[in-house]
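Notes for the structure review
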Amino acid sequence: MAAYHTDDECIFCKIVKGDIPSFKLVETDKTLAFLDIGATAKGHALVIPKYHGNKLHDVPDEYLSELLPIAKKLAVAVGAEDYNILQNNGKIAHQEVGHVHVHMIPKPTAEEGLVFGGWPATKPDFPKLTEYHEELKKGGKL
């Protein structure tokens, strides 16, 4: 196996290295997908880069390029008509394992799969949105 940027304490890195068994579904040089052992629905799978990074911005783009295409392939393979693609960054954003991963969660019923209490949207404040947009554009962040 090629050498990857890994963390010896990371459970997902241990899975990549073969130190911990998994129910592998797809594997490439840069990516691994396997069934989630804490599944919220049948077919719930995780897609991870073989490069360790706690958050999305910690992983080089070349190791991110296959995550969504593989999640799509899994959704089709499990026959999910409805499904969620989820990727969290940080503990308060509900990231449980400190290694970038994408969940492909089938949503066969209202009760199975990802369940949450709604989207806490705010009423749009267009002057503030305009100001923030300008700040991002001229600040060189994008």
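Anything mentioned here points back to the structure above.
Here goes a summary of the coordinates provided.

Attention shifts here to the pairing of strand β2 (residues 31-35). The buried fraction of β2 is high, at 4 of 5 residues. In this structure, strand β1 (residues 24-27) lies alongside β2, joined through 3 bridges in antiparallel fashion. Each bridged residue has a counterpart across the sheet, and for K24 the counterpart in β2 is F34. Connecting β1 to the next strand, β2, in antiparallel fashion are 3 residues.

Next up on the list: the state of the cysteines. The tally for this structure, following the rule as stated, stands at 0 disulfides. Cysteine C13 shares no disulfide, and the gap to the nearest cysteine sulfur, in C10, comes to 3.8 Å. For C13, a relative accessible area of 1% gives the class buried.

Right, let's talk about the side chain of K50 for a bit. For K50, the position within the fold is in the loop between β3 (45-49) and α2 (67-77). A distance of 2.8 Å separates polar atoms of two side chains, one belonging to K50 and the other to E27. Setting aside anything within four residues of it in sequence, one finds K50 in contact with Y4, H5, T6, V16, E27, T28, D29, K30, T31 and L32.

Reading the values: the criteria
- Residues numbered from 1 in each chain as written.
- Predicted model: local features only at pLDDT ≥ 70, side-chain atom pairs only at ≥ 80, totals over all residues.
- Heavy atoms only, no water.
- Buried < 20%, exposed > 50% of the residue type's maximum accessible area, 1.4 Å probe, protein only.
- Helix = DSSP H or I, 4+ residues; strand = E, 2+ residues; numbered from the N terminus.
- Pairing = 2+ DSSP bridges.
- Disulfide = S-S within 2.5 Å.
- Polar contact = N/O pair within 3.5 Å; in protein donor to acceptor, adjacent residues only side chain to side chain.
- Contact = heavy atoms within 4.5 Å.

Limitation: the analysis is restricted to geometry and does not speak to function.
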